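Fold and contact review
Chain by chain, the residues:
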Amino acid sequence: MLSEYSHDERHVLSKWLKEIATERLDDGKNWKPKDIVMKLSQELFKENVAQLDLNYPAEKIESLLEIFKQIEKHFKDTVRQFAQNILEIIERNEMQEGFFSRNTFVNYIKKYSSEPCAVEFTDTVMKTIEEGKYPFLAAVKKSPQADYFLNIWENSILPATESLIDFNRNNVIEFNTIMGFKKYIKSLAILSEVSEKMKNYRERNGLMLISDNNSLINKVVGNTEASFLYEKIGNKYRYILLDEFQDTSTLQWKNFLPLILEVLSHKEDGKVLIVGDAKQAIYRWRGGNFQLIQKDVQSDLSTFWEEGNSDLVLSSNFRSYQNIVQFNNDLFENLGNLTQDFITEKYSIVEIDNEFYGTIPYLYAAATSQQISQKKENGFVEVKFIDFNLLEIEKEEFEAEELIREYTIHTIRKLIDEFQYNYRDIAILTRKNDESVLASSWLKSENIPVMTSEALLLNTHPIIRLMMSALKYLLYPKEDLFLSSVLYEYAQVHQIHHEDLLEKEHRKSYFNKYLAPLSKEQSRSILGALSVYEIVRNLMDILKIHELRDIYTEQFLDMVMQYQEGAHQTSIIDFVDWWEKKNHSITIAGDANAVKIATIHKSKGLEYKVVIIPFFNWDMIASGFNQPILWPEIINPDEMMGFNTLPINFLETKDSYYFKDFQKEVVLQASDSLNVGYVALTRAEEKMYVVTSLKRTQKDGITLDNIGGLVYHTLNQKSPNNFKDNSTYHLGVEEVKVVKEDKKANVLEQNIS
């Protein structure tokens, strides 16, 4: 598609592709059209988008864009004119400096005069305007011209400012809405084109995507003849079990519903069992809808629903020891209420006309969240809180990571050496793949065996990072950035600790000390004359990493050789470019005596004797690049060229006509964040170790934006006596592992040895 339009200067898509690339380049983002189109195209595989009519002709979108531009221009021109009028009064009376506190008011007016946008004064300025407070500094009040300046304020500046605020109040919602839609409007035409190309390609080649299944079945089910099909299936099957129902999508449920109704219509012997836990719904990003099990099933099956008999809460826990169950019981009911209070206050979530308002407290109500452990043993829980206020601002992320690393390694060593656990008893759970990779690198650097079912990215392996840094240094030996990079990675691999390692006046001497061959131009010239594979082999000697080689580095060497054999260009710069464009990964799995590392999503349904969660620190609500795209239903399609839905960034719906969509998404995101936490904290059988972070507000309170802050606040209120100090929570006593004969493990141990 890109090649088709990139040479057609007349086509509007060609122009927009270039404009999107230019805009993203100006914002410091990835500008490549191919990457932009690939990212946009991922929306097509989401169930809610797949059901939309994506017929968005470029010509209609161009007309809509013109409407948006006119509204934007009118708003900005008007704000600019108001601001310039106010600024003119201020300058004419020489009131630019020394009149207003910190000159805040004047700076705002100057901003709106030069770069008009939605008007947002500080609370202090707004109080001065709305409550008629004295606007000037005390020195002005004492001056001989005090009355003159106050008259200027009351009769000229204040009325003009009130007119600016009134205009903004009456028009800002429309302005915010079209600015939100405008961001994706050009991309939408490209997305529509991609959708059409995909459709044509599937038809030509007789292909069907897995993501098409639900929509296709739904179309069949909607056919009048489908009832006959379900009647026949219903006659054959009398019992249906739907497991993990909390992750079922709305479309999947609609497809199953006719069959379920058919089976239930045979009252004498038709039975349907639906099993699920809404607190473990962590797949909303691929269409899962936990509202189905919360309320929709009862509504859709109301004819057959028997109050008190049709729903059963399973409260027995056969997995975890008593203290782990008690910890989760105490935590989550209170955490649900605190989360509701937090989003209500911060995001202005209101109960009026909001069907999702009470979702979270209901989700974690005692009636459905409290469990009873069926194990006799006590168990142990430890939560370690890292207070970012105690770290250096410039180094807080690095220092926090180092503290988490030390805690994780120390905990594993303690479990093995003091409490008689095997490595296979321990699992590290993370939310993100890159966190799994990082944890894996920590353990490998300490010679702790690791096992994972995840595909680990080779370019995050510490030794491979060191190799790539060295190759880049060979390309640009005079650049301090690459010298610092290879020195840092070398220190990480060999665990060299110097506080002044990367300081400008010391890094060169450290480089000469540890990496002398690379510092010599003659050595670099000799290396540069070799093939890429030979350079890499020589670098392994220079960097002293032969003894540290493992399956990852061997795979890396194989890839270097394969690249060299198949590439037309074999220079260092070509190899580096090729490597960075790919996410090279391998998977290592097995039943060896090794610490298991898995994402929380992969761990759902599993259990481990000991669980360590080193990165229990995600934001409750997405922001920035991570925020999702919403597709709200357009309120007045006629005013939007007939389009029924348009994409917009989640946060940009807050102050728009689509505030209800914003409120719904906030509730669902908060539910997602809690649910991921619930799944993670309910995997342990005997012991659980959690590391989370605390960030403080300007008033030195704990911010609740992060799940760590919510957990700290909840535990501190519920069980303050369980805190060993301000940073560590304990429940239970660490005890030696309860040894049970594991015949399978013994056989595996013998086979491995």
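About the cut-offs
Residues numbered from 1 in each chain as written. Predicted model: local features only at pLDDT ≥ 70, side-chain atom pairs only at ≥ 80, totals over all residues. Heavy atoms only, no water. Salt bridge = Lys/Arg side-chain N within 4 Å of Asp/Glu carboxyl O. Helix = DSSP H or I, 4+ residues; strand = E, 2+ residues; numbered from the N terminus. Buried < 20%, exposed > 50% of the residue type's maximum accessible area, 1.4 Å probe, protein only. Expected span 1.5 Å × (residues − 1). pLDDT = per-residue confidence, 0-100. Contact = heavy atoms within 4.5 Å.

As for the pattern of salt bridges
- Counted according to the given criterion, the structure contains 25 salt bridges.
- Ionic pairing is found between R238 and D269, a salt bridge with its closest N-O pair at 3.3 Å. Taken as a pair, R238 in the loop between helix 11 (226–236) and strand 1 (239–242) and D269 in the loop between helix 12 (250–264) and strand 2 (271–274) lie far apart in primary sequence, 31 residues in all.
- Judged by its relative accessible area of 18%, R238 falls in the buried class.
- Relative accessible area serves as the criterion here: at 26%, D269 is assigned to the partly exposed category.
- Of the charged contacts in the structure, one is a salt bridge between E489 and R465, with a shortest N-O distance of 3.3 Å. Taken together, the residues span a long stretch of sequence, with E489 in helix 20 (residues 480–494) and R465 in helix 19 (residues 462–475) at a distance of 24 residues.
- By relative accessible area, E489 is classed as buried at 9%.
- On the accessibility criterion, R465 (27% relative accessible area) is partly exposed.
- If you follow the salt bridges from partner to partner, you end up with E72, K76 and K182 in one network.

A closer look at helix 28 (residues 659–681)
- Taking 1.5 Å per residue as the helical rise, helix 28 with its 23 residues ought to reach 33 Å, and the 33 Å between its terminal C-alpha atoms agrees with that figure.
- Here helix 28 lies mainly inside the structure; 19 of its 23 residues are buried.

Describing the confidence of the model for the chain
- Per-residue confidence for the chain averages 85 on the pLDDT scale, and 88% of its residues sit at or above 70.
- Per-element mean pLDDT across the chain ranges from 44 in helix 30 (residues 743–752) up to 97 in strand 11 (residues 608–613).
- Taken together, the stretch residues 743–753 has pLDDT below 50 and engages in 8 contacts with residues farther than four places along the chain or on a different chain.

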